[in-house]
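What follows is each chain in one-letter form.
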Amino acid sequence: MKRFCSFFLAVAVFATALCAAPGVRPQAEAAGKKLIAFTFDDGPGPYTERLLDGLKARGVKATFFMLGSRAQTYSSTAARVYREGHQVANHSYDHPELTALSDQSVKNQIQSTNNYLTKACGGSGYVVRPPYGSVNQRVKAAIGAPVVLWSVDTRDWQVLNANTVTNNILRDSFDGAIVLMHDIYATSVDGALSAIDTLKSRGYEFVTVRELFRRRGRTMKNGEVYDTSRPNGKDLGAVQQPAVTDEAVGGKLQITITAQKGADIYYTVDGSDPAVKGKKYSGPFFAETPCRIKSVAAFHLNGSRSDTVETAITTPTAATPELQIENGVLSLSCATEEAEIHYTTDGTEAAMGSPLYQGPVTLSPGTVVSACAGGETLLTGKTVRGTYSSRGNFVRDVFPNQWFYESVDTMLSRGIMSGTGNHRFEPRADVTRGQLVTILYQHSQEQAGEEALKAMPFADVKQGRYYFTAVAWAYEKHIVSGYSAREFRPEQSITREEMSQILSAYLADKEMGDEQEISLEYGDLEKISRWALPAVKRVCALGLFHGDEKGNFAPKAKASRAEAACVITKLCELTD
Ligand code: ZN
């Protein structure tokens, strides 16, 4: 594409060569580092990723004047350019000579490309390089952004030879130069990377175009043309990395991030890239620990920022206290040495301001305990809770303000239901077929006969499992049947209509008093399976089941352990 205006380029190179006479170098040495901006036009393309690998390996930042059409095709490469701290810039949508276009067409070329660049990489603030460097007053005004040309033309598009590209760069480079290349040629990528190694040994630092001007205290203005930023005795230095500190404040992890004056800080706590997804830092904040803070300091996120700092925060957090209640006596312990344990017994959430635990505490029935641990140099750990119920049961996950509390407490006290281990009840868990049958067996207070145990037909109900005897009993009593002659599926959850069916079968030989045929008035009546309808009518007539607050029976909803506790509690009231 550049071939169309090789005449213009030849003139530009000639002019550049004149300006690039040696002799400015001693001045530059005194004023700080020698700076140079490599720029790559017309991409992204198939060689851009390789160029990015090479730049990354060398710790070098560059500027990419992308075509909107290419950024559309190679959007993930464009995103990587930005993510890795290079400057993303605008080279029009499809490379027309802008001076030949109307103002509106120029604006469309620039704006559509800005949109594609932002869509690809999430950046903003794109300087513009008009194709062929072709620009006039009218086009500059229409572009409405700083216009960036070049001071070293490598003629890489013409020579297509890596060594020649390298030699051209080395011959013409000077402090403050903007070097023109094209990342759509493999030879340009190889030539540029090789030149970087040599220029580094000559004391050059590679910067984006934006940095080349910022570091020398120069402001780039919209509609102005820039091709060089020669040394002027000023070097503001590279953008310094932010510093991240953490401390325990009130038992919580407080993060403070500082950066050099004038730089904004962006950070994330979820491991994502702060230049793309970061929050702008506005002051100390609290974070969970352990955590990984990623932060970046920036004068502009697009090409004028520090490398990302990743900080793993490991300030110790006190372990969650271990809570035990035995015979109404509460004991608390914490695995973290030196941690203090604080607790409440009035239902409120424990905090470090709550009473200090100093030894076993006698509880009265119906008490909710809350405890947490922490200390001066520790972060406060997670809070633990537990209930010493009105009937003297210790449960970690059932509390008096829950609708199923009384029923669960009743079931535990009567031994009809038991916990799932370690004083948990798991009220929200589905009740399984094996559990329901066991509950009914407990409720019946009957004994399964030897014959029933020997006659167990189900291959998946194994001897030694807690439900073995109960399933044998229920099968003998025709309370349950299997999915097939050999299969019971004891671990499968059950729906409300299936539970109704089993309960109804269980009650078949029981005198139940006032039971009578009722007409159901649930909104979702048609969803109840035909086979389950008589059973649903029966259990509803007995008051064992109710509809939900919307007036639905929800026959296909899975029955929870909490629901089972409520249903069986009512059953107890009916049969006692
Ligand atoms: Zn171009």
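Going by the structure above, here's the rest.
Caption draft 1: Broad picture of the packing of helix α14 (residues 433–444) against helix α16 (residues 468–476). It is at 8 Å that the axes of α14 and α16 come closest, and there the two elements cross at 75°. With respect to α16, the axis of α14 lies roughly perpendicular. Here V437, T438, L440, Y441 and S444 of α14 lie close against α16, whose contacting residues are T469, A470, V471, W473 and A474. Residue composition of the contact of α14 with α16, grouped by class: 7 nonpolar, 3 polar and no charged.

Caption draft 2: A look at the pattern of salt bridges. Applying the stated criterion across every chain, the model contains 25 salt bridges. The partner of R138 in a salt bridge is D103, with the nearest N and O atoms 2.4 Å apart. Placement of R138 in helix α7 (residues 137–143) and of D103 in helix α6 (residues 103–121) is noted, with a sequence separation of 35 residues between them. Among the residues examined, D103 registers a relative accessible area of 34% and is labelled partly exposed. When salt bridges with common partners are traced through the structure, they connect E49, D53, K56, R80 and E84 into a single cluster.

Caption draft 3: Summary view of the pairing of strand β16 (residues 309–313). Alternating residues of β16 divide into V309, T311 and I313, all buried, and E310 and A312, none buried. In terms of strand pairing, strand β14 (residues 291–300) meets β16 through 5 bridges, oriented antiparallel. Note that in β16 the partner of I293 across the bridge is T311.

Caption draft 4: Region of interest: the layout of surface pockets. Its boundaries defined by the atoms lining it, the largest pocket holds a volume of some 390 Å³. Together, 17 residues line the largest pocket, and G251, K252, E288, T380 and G381 are the ones closest to its centre. Of all the elements in the fold, those that place two or more residues in the lining of the largest pocket are β10 (252–258) and β13 (285–287). Along the lines of polarity and charge, the residues of the lining of the largest pocket split into 8 nonpolar, 6 polar and 3 charged.

Caption draft 5: Region of the structure containing the coordination of the zinc ion. Bound to the zinc ion are the protein donor atoms D42 (OD), H91 (NE2) and H95 (NE2), situated 2.1 to 2.2 Å from the metal. When the donors of the zinc ion are listed by position in the chain, the intervening gaps give D-x48-H-x3-H. Under the relative-accessibility criterion, H91 is labelled buried at 0%. Note on H95: relative accessible area 4%, which makes it buried.

Caption draft 6: Local environment of helix α19 (residues 561–575). The first and last C-alpha atoms of α19 sit 21 Å apart over 15 residues, in line with the 21 Å expected at 1.5 Å per residue. Counted residue by residue, α19 has 11 buried out of 15 residues, so it is predominantly covered. For α19, the full list of buried residues reads R561, A562, E563, A564, A565, C566, V567, I568, T569, L571 and C572. Residues of α19 that are buried sit in contact with α13 (405–414), α14 and α17 (496–506).

Caption draft 7: Up close: the packing of α17 against helix α18 (residues 533–541). Close contact between α17 and α18 brings their axes to 8 Å; oriented N to C, the two are set at 75°. Here α17 lies roughly perpendicular to α18, going by the angle between them. Two secondary-structure elements touch here, α17 through E497, S500, Q501, L503 and S504 and α18 through A535, V536, R538 and V539.

Caption draft 8: Quick look at the sheet that holds β13. With respect to topology, 3 strands assemble into an open sheet ordered β9-β10-β13, the strand pairing being antiparallel. Every interior strand has two partners, whereas the edge strands, β9 (243–249) and β13, have only one. Between one strand axis and the next, the sheet turns through 40° on average, direction left out of account. Here β9 pairs with β10 via 7 bridges, running antiparallel. Its bridge partner lying in β10, D246 is registered against I255.

Caption draft 9: Molecular detail of unusual backbone geometry. Residue P44 follows G43 across a cis peptide bond; omega there is -5°. Residue position: P44 is located in the loop between β1 (34–41) and α3 (48–58). You will see that L160, though not glycine, has its phi angle at about 45°, which is positive. Summarising the element assignment, L160 is placed in the loop between α8 (156–159) and α9 (162–172). You can call L160 partly exposed: its relative accessible area is 40%. Although it is not a glycine, Q445 adopts a positive phi angle of roughly 55°. If you trace the backbone, Q445 turns up in the loop between α14 and α15 (450–454). We classify Q445 as exposed; its relative accessible area is 73%.

Caption draft 10: Molecular detail of the packing of aromatic side chains. Inspection of the entire model under this criterion finds 16 aromatic pairs. Geometrically, the ring pair formed by Y466 and Y467 is edge-to-face, given 4.9 Å between the ring centres and 75° between the ring planes. Members of the aromatic cluster, connected to one another through ring pairs, are Y267, Y281 and F285. Its guanidinium or amino end placed over the ring of Y483, R489 lies 3.9 Å from that ring's centre, counting from NZ or CZ.

Basis of the calculations
- Residues numbered from 1 in each chain as written.
- Predicted model: local features only at pLDDT ≥ 70, side-chain atom pairs only at ≥ 80, totals over all residues.
- Heavy atoms only, no water.
- Axes fitted to C-alpha atoms, helices over the stretch in contact; angles between N-to-C directions.
- Helix = DSSP H or I, 4+ residues; strand = E, 2+ residues; numbered from the N terminus.
- Parallel < 35°, antiparallel > 145°, perpendicular 65-115°, else oblique.
- Contact = heavy atoms within 4.5 Å.
- Nonpolar A, V, L, I, M, F, W, Y, C, P; charged D, E, K, R; others polar.
- Salt bridge = Lys/Arg side-chain N within 4 Å of Asp/Glu carboxyl O.
- Buried < 20%, exposed > 50% of the residue type's maximum accessible area, 1.4 Å probe, protein only.
- Pairing = 2+ DSSP bridges.
- 1 Å grid on protein atoms, 1.4 Å probe; cavity = no way out; pocket = protein on both sides within 12 Å on 5 of 7 lines; lining within 4 Å.
- Points joined across faces, edges and corners; volume = space filled by probe spheres on them.
- Donors = N, O, S within 2.8 Å, 3.2 Å for Na, K, Ca; no water.
- Expected span 1.5 Å × (residues − 1).
- Phe/Tyr/Trp six-rings, centres within 6.5 Å; stacked < 30°, edge-to-face > 60°.
- Lys NZ or Arg CZ within 6 Å of the ring centre and 35° of its normal.

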